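Residue-level structural notes
This is what each chain is made of:
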Amino acid sequence: MAALTPEQISIVKSTAPVLKVHGPTITTLFYNNLLAANPALKNIFSITSQTTGRQPRALANAVLAYATYVDDLPKLAAAVEVIAHKHASLQVTAEQYAVVGKFLLEAIGQVLGEAATPEIVDAWTAAYNALAEVFINREREMYAVQKQHGWTGWRKFRVARRQAETEHIVSFYLEPADGGQLPAYLPGQYVSLQVFVPELGFLQSRQYSLSDYGTEREGYYRVSVKREPGEVVDHPGLISNLLHSKYVVGDEVELSHPQGEFFVDPADKTKEGVPAVLISAGVGATPMMAILKALGEKGSVSRPVSWVQGARSSRMLPFADAVKDIVRGREDVVANVFLTTVNDQDKAGVDYHFGQTRVDLEKLDQDKELFLGDQRAEYFICGPELFMLQTKKALESKGVPEERIKLEVFATGGVGAA
């Protein structure tokens, strides 16, 4: 990594307060200018995240974090890994960093005007190039791994089967159209799924967790997609609604190689006997389902598992029967289901364990179901962003250190599905 001078570091850090104020304005202008001049990049960036403003806000926060910790980059290592995995799933190239840098620096200059002195521009140019080098090098490593697995770039897959998990979640079983082998993946990882959107006239990609495990031996990957209502009125989730309404058996989509830093390695012998607490809400159960299945496969290390799942109702609870089957067949798994609304046909202790409530860790056995007495226990959380942050805070209040809590960020900047 090219080193910044002490003067450049000082200048970048001094601009952090300015970025906090003007960050979203800068990044919104950046995306508008970038995509207007480079329409091919619309295939990479989510139009939904542009419309909601989530993408500019995420980039503004990332730039602010970089300015704040430019002299202490190890604090950003986890965030860099998340972003690098997403970039690799979208097939971002090294050459594209130069294009992005040009428009980002121009946007900073346009918004700051005369305040963007030559010294500030030079310092931020050096800082951007240094950070781009970090991403390019890390993503080069990821692409090398993809190549070792015999699969790089986008690959055509055919819908082999559709299965309704709930009234708003459908599982798509996807087989490679070329009939070739599928590489193994780590449970919890995701794929980018790409389709052409006729009304837009260009491709769009979304990331979906692989919701099954060991399926490469069966010749398919499975993703379970929730039909998203969307964050903006009259703007429902673009790709999720398209998949639900238009894609049937025989139709083709494109997938990139599995990626993601949120996973469990079922063959990691150092985790023998280490409890895994899987906490999810709604469609956040998708990566957890893969993890749960993987930890019961022959050859996996033996780990006690606590499955904690929340849903608005039993009709919106994915994988209910599959989880029941696993719990019946394994003594090392305990499950607790929370339903916000309980229906007359729901049976306590069978269809749910806690009714008329969201996920509440206080209601669980703190030792047998949360394993708070085991200083090795690991906690995996996936669901709406606020749910994850609140659950993480609740665990930390019980003395669980941050390094044993893993979140799947189900939004722009992490893993999204809209």
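Residues numbered from 1 in each chain as written. Predicted model: local features only at pLDDT ≥ 70, side-chain atom pairs only at ≥ 80, totals over all residues. Heavy atoms only, no water.

Once that is clear, we can look at the pattern of salt bridges. Going through the model one piece at a time under the given rule, you end up with 22 salt bridges. Residue Glu-81 is joined to Arg-138 by a salt bridge in which the shortest nitrogen-to-oxygen separation is 2.8 Å. In this pair, Glu-81 sits in helix α5 (residues 77-89) while Arg-138 sits in helix α7 (residues 118-148), placing the two residues 57 residues apart along the sequence. The class of Glu-81 is partly exposed, set by a relative accessible area of 22%. A salt bridge links Asp-212 to Lys-293; the nearest nitrogen and oxygen atoms lie 2.6 Å apart. Placement of the pair is Asp-212 in the loop between β4 (202-209) and β5 (221-226) and Lys-293 in helix α9 (residues 285-294), with a sequence separation of 81 residues. Shared partners join several salt bridges into a network, and the residues in it are Glu-81, Arg-138 and Glu-141. (Salt bridge = Lys/Arg side-chain N within 4 Å of Asp/Glu carboxyl O. Helix = DSSP H or I, 4+ residues; strand = E, 2+ residues; numbered from the N terminus. Buried < 20%, exposed > 50% of the residue type's maximum accessible area, 1.4 Å probe, protein only.)

Turning our eyes to something else, we now look at the environment of Gln-189. Structurally, the position occupied by Gln-189 is in the loop between β2 (169-176) and β3 (190-197). Sequence separation between Gln-189 and Ala-3 is 186 residues, and the spatial gap between their C-alpha atoms is 33 Å. With near-sequence residues (within four places) excluded, Gln-189 lies in contact with Ser-209, Leu-210, Pro-258, Gln-259, Gly-260, Phe-262 and Phe-263. (Contact = heavy atoms within 4.5 Å.)

Glancing now at the sheet that holds strand β7 (residues 276-281). Spatial ordering of the open sheet is given by β10-β9-β8-β7-β11-β12, a layout of six strands whose pairing is parallel. Two strands bound the open sheet, and with one partner strand each, they are β10 (354-355) and β12 (405-409). Relative to strand β9 (residues 333-339), strand β8 (residues 305-311) runs parallel, the two sharing seven bridges. Residue pairing for β9: Val-305 is matched across the bridge by Val-333. Sheet contacts for helix α11 (residues 385-397): β7, β11 (378-383) and β12; angle to β11, the most-contacted strand, approximately 155 degrees. (Pairing = 2+ DSSP bridges. Axes fitted to C-alpha atoms, helices over the stretch in contact; angles between N-to-C directions.)

Here we come to the packing of α5 against α7. Axis separation between α5 and α7 bottoms out at 9 Å; the angle between their running directions is 50 degrees. Here α7 runs oblique to α5, going by the angle between their axes. Of the two possible hands of crossing, α5 and α7 adopt the one that is right-handed. Touching Val-80, Glu-81, Ile-83, Ala-84, His-85, His-87 and Ala-88 of α5 are Val-134, Phe-135, Arg-138, Glu-139, Met-142, Tyr-143 and Gln-146, all from α7. Within the contact of α5 with α7, the residues separate by chemical class into eight nonpolar, three polar and three charged. (Parallel < 35°, antiparallel > 145°, perpendicular 65-115°, else oblique. Left-handed = near helix turned anticlockwise from the far one by under 90°. Nonpolar A, V, L, I, M, F, W, Y, C, P; charged D, E, K, R; others polar.)

Let us look at the sheet that holds β5. Within a beta sheet, neighbouring strands are joined by backbone hydrogen bonds and run either parallel or antiparallel to one another. With antiparallel pairing, six strands are arranged side by side in an open sheet as β4-β3-β6-β1-β2-β5. Pairing within the sheet leaves two strands with one partner each, and these edge strands are β4 and β5. Adjacent strand axes in the sheet meet at a mean angle of 40 degrees, parallel and antiparallel pairs treated alike. Docked against the sheet, α5 engages β3 and β4, running at close to 45 degrees with respect to β3.

Attention now moves to the pairing of β4. Of all the eight residues making up β4, seven are buried; the element is thus mostly covered by neighbouring parts of the structure. Counted along the chain from β3 to the antiparallel partner β4, the turn is four residues long, and its residue Gly-201 has a positive phi close to 85 degrees.

Counting 40 residues, the largest nonpolar core has Val-12, Leu-19, Phe-30, Tyr-66 and Trp-124 as the members making the most contacts within it. Residue assignment for this core shows that the elements contributing at least two residues are α2 (16-37), α4 (54-68), α5, α6 (94-112) and α7. Apart from the residues lying within four places of it in its own chain, the contact partners of Val-12 are Ala-67, Val-70, Ala-123, Trp-124 and Ala-127. Listed in part, the 27 residues of the second largest apolar core include Val-159, Val-191, Leu-238 and Leu-243. (Core = buried A, V, L, I, M, F, W, Y, C linked by side-chain atoms within 4.5 Å.)

Evaluation of the coordinates by the stated rule reveals twelve aromatic pairs. Ring centres of Tyr-97 and Phe-135 lie 6.3 Å apart, and the angle between their planes is 15 degrees; on these two criteria the pair is classed as stacked. Of this pair, Tyr-97 sits in helix α6 while Phe-135 sits in helix α7, placing them 38 residues apart in sequence. Neither Tyr-97 nor Phe-135 differs from the other in exposure class; each is buried. On the numbers, 5.6 Å between centres and 35 degrees between planes, the contact of Trp-151 with Phe-157 is tilted. According to the relative accessible area criterion, Phe-157 is buried, its value standing at 0%. Cluster of aromatic residues (ring-pair linked, three or more members): Trp-151, Phe-157, Tyr-185, Tyr-213 and Tyr-221. In this structure, Arg-161 packs its charged tip against the face of Tyr-173, placed 4.4 Å from the ring centre. (Phe/Tyr/Trp six-rings, centres within 6.5 Å; stacked < 30°, edge-to-face > 60°. Lys NZ or Arg CZ within 6 Å of the ring centre and 35° of its normal.)

Right, let's talk about the UniProt feature "domain: Globin" (unreviewed entry) in the protein for a bit. Under the UniProt annotation, "domain: Globin" (unreviewed entry) lies at residues 3-140. Note that residues 3-140 is 78% helix and 0% strand, and that its end C-alpha atoms are spaced 20 Å apart. (UniProt positions renumbered as here; feature names shortened; annotations may be inferred.)

The next subject is the packing of α2 against α6. Two quantities define a packed helix pair, namely the angle between the axes and the distance from one axis to the other. The contact between α2 and α6 brings their axes to 8 Å, and the two run at 130 degrees. When the axes of α2 and α6 are compared, the pair comes out oblique. Seen from above, α2 lies across α6 with right-handed handedness. Along the contact surface, α2 presents Val-18, His-22, Thr-25, Ile-26, Leu-29, Phe-30, Asn-33, Leu-34 and Ala-37, while α6 presents Val-99, Val-100, Phe-103, Leu-104, Ala-107, Ile-108, Gln-110, Val-111 and Leu-112.

To continue, consider unusual backbone geometry. Its identity is not glycine, yet Gln-91 carries a phi of approximately 65 degrees, on the positive side. Structurally, Gln-91 can be placed in the loop between α5 and α6. Judged by its relative accessible area of 16%, Gln-91 is buried. For Phe-371, which is not glycine, the phi dihedral falls at a positive 55 degrees. Looking at the secondary structure, you find Phe-371 in the loop between β10 and β11.

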